[in-house]
Amino acid sequence: MAEPTENTANAYPPIWPCDDDTALQCIQVVQETHDVKTFVFNALQARTFVYRPGQFITLDVPAGQGGSVVQRSYTLSSSPSRPQRVSITVKRVAGGPVSNWLHDYLQPGMQIGVTGPAGDFSCMADSATSLPAGMQTCAGQRYLLISGGSGITPVMSMLRTMVDMAVDADIVFVHAARTPADLIFHKELTLLAHQHPRLRLLLVCESRGAHTEWSGYVGRLSRSLLEQQVPDLLQRQVFTCGPAGFMQAVRASLLDAGLPEKQYQQESFSFETLAQAVNPVQTTTQNTVSTSEGSAVSGGFTISLSKLGDAFACAPDQSILGAAVAAGLRLPASCSTGLCGTCKTKKVSGEVSMQHKGGIRQREIDQGWILPCCSVPLSDVVLER
Ligand SMILES: Cc1cc2nc3c(=O)[nH]c(=O)nc-3n(C[C@H](O)[C@H](O)[C@H](O)COP(=O)(O)OP(=O)(O)OC[C@H]3O[C@@H](n4cnc5c(N)ncnc54)[C@H](O)[C@@H]3O)c2cc1C
Ligand code: FES
C-alpha cells in the first residue's frame, strides 16, 4: 500500500486534547429517552479527538450555588473512529445539580470547560498509541458487554468503535433497563444487530411499563439467563457498567459461574468508594496546626489555605488532600487518584511532587495548578483556597 503523502497527513487537524483547548462547544442535543440526552461537541478550533473507547472527560459546569463551577465526569459515548466530534450521554438524576443543569440549560452554541480524557476502562489496550493498531488487538476476541441504565455509555463507545473499525470480534451486548421506554440507543442497537452477524443483542427490561407489546425479556438480569443466552460466556472478555448493586450482582454471578477474574472489568459512575479507600475520613483533628507561618511540623510540612485562613500538617508521604481530610477540612474532590480534575487548586508557593493520571493539563501545571489528591509536599505549601 502506498505511504500517505505529506498532503494527506496534513489534511488531519491537530490532535485534541491539547493544552490550548480547555473548552468544547456544544453543537447538538439529542433527546434519547424521557430522561436521557446526548450532547455533541466540537473543539473550538478544528481538532482530531483522540481517546480510547470507554474513557471519560470531566466538565466544569456552572451549576453550583450562585453559579459556581462544579465538576462531574461523563464517559464519551461517541467513537474515536469518528474523530471530528465527541458526545456524552447524560441521565437526569433527581435533585442532582449537574445532570439537571445540562438537561435544562446546555444548548448548541454554548461552550463548556473540560479536562480529560482519562480512565482505564477500555477494550483497547492502554499501551496502544493509535486507534487502528489499538483496535486490532480486539480482533479474534469474544466480548460480553453488559450495561444497566446510563452505564451503557462506555460499552456503547466500545461497540461503536469495533463496528466502525470492522474489527473481527464476536460481541454479545446485554443492556438492562427499567422499562422498554428506558432503553438508551434502542434503535441504533437494533439496527447494528441486524447489520452485523457477529453482534448479538440481549435487551432485558424489569417490567413492560406502558409498552404492553414488548416481547423481549422481562425481569432482572440473572446468572441463569446469561448462561442460557451466552453459553460460551466463560470464554469472553467481560466489560460491565451500571448502578453499584447491578454490577455487584453481575460480577458475583459471572465469577460464581467460573469466569476467570482477569476476564472481568467494570466501571463505576461513583468515585466515592475509591475516594473512601484512598482518603478514609478521620474524625481526628490532630493534624491541624494553629499558625500559618510556614514552619515544618515534626517530620512534615505545613499546608496553608490562603483564602480560608486555615493550615494543617502534612507528612512527606501523605497526599495534601488526605491530610486536609484528616484535619477535618472539606476540599472539593471526587476520584482521589488524579483522574478527574475536581480537586484542582492554584499553588501560591512551595513545592510538591504530583503523580496525576490525566486530570490536569501541562499548561495548567506550568501556571502553578496542582491536584492535591495526588500531590505530596516537598516543602511548606500555600494553596489559593
Ligand atoms: C467515570 C465516570 C463516568 C460517568 N459517566 C456518566 C455517563 O456517561 N452518563 C451519566 O449520566 N452519568 C455519568 N457519570 C455520573 C456523573 O458524573 C454524575 O454523577 C451524574 O450526572 C449526577 O450528577 P449530579 O450533579 O446531577 O448529581 P449528584 O449530586 O452528583 O448525584 C446525586 C446522586 O445520584 C447518584 N447518581 C449519579 N449518577 C447517576 C446515574 N447516572 N444514575 C443514577 N444515579 C446516579 C449519585 O451517586 C448521587 O447519590 C459518570 C461518573 C463517573 C465517575
Ligand atoms: S479528586 Fe480527582 S483529580 Fe483530584
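Residues numbered from 1 in each chain as written. Chains lettered and ligands numbered in written order. Predicted model: local features only at pLDDT ≥ 70, side-chain atom pairs only at ≥ 80, totals over all residues.

**Examining helix H7 (residues 244-256)**
Point 1. Along its 13 residues, H7 runs 18 Å from first to last C-alpha, staying within 8% of the 18 Å computed at 1.5 Å per residue.
Point 2. Buried-residue contacts for H7 involve strand E9 (142-148), strand E10 (170-177), strand E13 (237-241) and strand E14 (264-267).
Point 3. Residue Gly 258 follows H7 closely and has a positive phi angle near 110 degrees. (Helix = DSSP H or I, 4+ residues; strand = E, 2+ residues; numbered from the N terminus. Expected span 1.5 Å × (residues − 1). Contact = placed C-beta atoms within 7 Å.)

**Comments concerning unusual backbone geometry**
Point 1. The omega angle of the peptide bond from Gly 116 to Pro 117 is 0 degrees, so this bond is cis rather than trans.
Point 2. Looking at where Pro 117 falls in the secondary structure, it is placed in strand E8 (residues 111-118).
Point 3. With phi around 50 degrees, Ala 166 is a residue other than glycine that occupies positive phi space.
Point 4. The exposure class assigned to Ala 166 is exposed, which follows from the 11 C-beta atoms found within 10 Å. (Buried ≥ 20, exposed ≤ 12 C-beta atoms within 10 Å, placed from the backbone.)

**Regarding the site of ligand 1**
Point 1. What surrounds ligand 1 is a group of 22 residues, the closest being Thr 75, Gly 96, Val 98, Ser 99 and Thr 153.
Point 2. Sorting the residues of the shell around ligand 1 by element identifies strand E6 (70-75), strand E7 (86-91) and helix H2 (97-105) as the ones contributing at least two each.
Point 3. Among the residues forming the shell around ligand 1, the class breakdown is nine nonpolar, eleven polar and two charged.
Point 4. Both of domain 1 (14-117) and domain 2 (131-269) provide at least three residues apiece to the shell around ligand 1. (Near = placed C-beta within 6 Å. Nonpolar A, V, L, I, M, F, W, Y, C, P; charged D, E, K, R; others polar. Domains from an automatic or database assignment.)

**Some words on the sheet that holds strand E11 (residues 199-205)**
Point 1. The six strands are arranged E12-E11-E10-E9-E13-E14 in an open sheet whose pairing can be described as parallel. Each edge of the sheet is formed by a strand with only one pairing partner; in this case those strands are strand E12 (217-218) and E14.
Point 2. Packed on one face of the sheet, helix H5 (residues 186-195) meets E10 and E11 and runs near 145 degrees to E11. (Pairing = 2+ DSSP bridges. Axes fitted to C-alpha atoms, helices over the stretch in contact; angles between N-to-C directions.)

**With respect to the confidence of the model for the protein**
Point 1. Looking at the protein as a whole, its pLDDT mean stands at 88, while 90% of the residues score no less than 70.
Point 2. Across residues 1-9, where pLDDT falls below 50, the model places one contact with residues more than four positions away in sequence or in other chains.
Point 3. Ignoring residues within four places in sequence, the model shows residues 277-297, a span with pLDDT below 50, making 36 contacts including any to other chains. (pLDDT = per-residue confidence, 0-100.)

**As for the sheet that holds strand E21 (residues 381-383)**
Point 1. In space, the five strands of this open sheet follow the order E16-E15-E21-E17-E19, with mixed pairing throughout. Looking at which strands have only one partner, the edges of the open sheet turn out to be strand E16 (310-314) and strand E19 (369-370).
Point 2. Note that strand E17 (residues 345-349) and E19 share two bridges and pair antiparallel. Across the sheet, Thr 345 pairs through a bridge with Ile 370, a residue of E19.

**A look at the environment of Arg 385**
Point 1. Mapped onto the secondary structure, Arg 385 falls in the segment after E21.
Point 2. Once the C-alpha coordinates of Arg 385 and Lys 307 are considered, the two residues, 78 residues apart in sequence, prove to be 5.0 Å apart.

**A closer look at the nonpolar core**
Point 1. Grouped together as the largest cluster of nonpolar side chains are 67 residues, with contacts concentrated most on Leu 144, Leu 145, Val 155, Leu 159, Met 162, Ile 171 and Val 174.
Point 2. Discounting chain neighbours no more than four positions away, the residues touching Leu 145 are Val 155, Met 158, Leu 159, Ile 171, Phe 173, Val 174 and Phe 239.
Point 3. Counting 25 residues, the second-largest nonpolar core is a separate cluster that includes Leu 305, Phe 312, Leu 321 and Leu 383. (Core = buried A, V, L, I, M, F, W, Y, C linked by C-beta atoms within 7 Å.)

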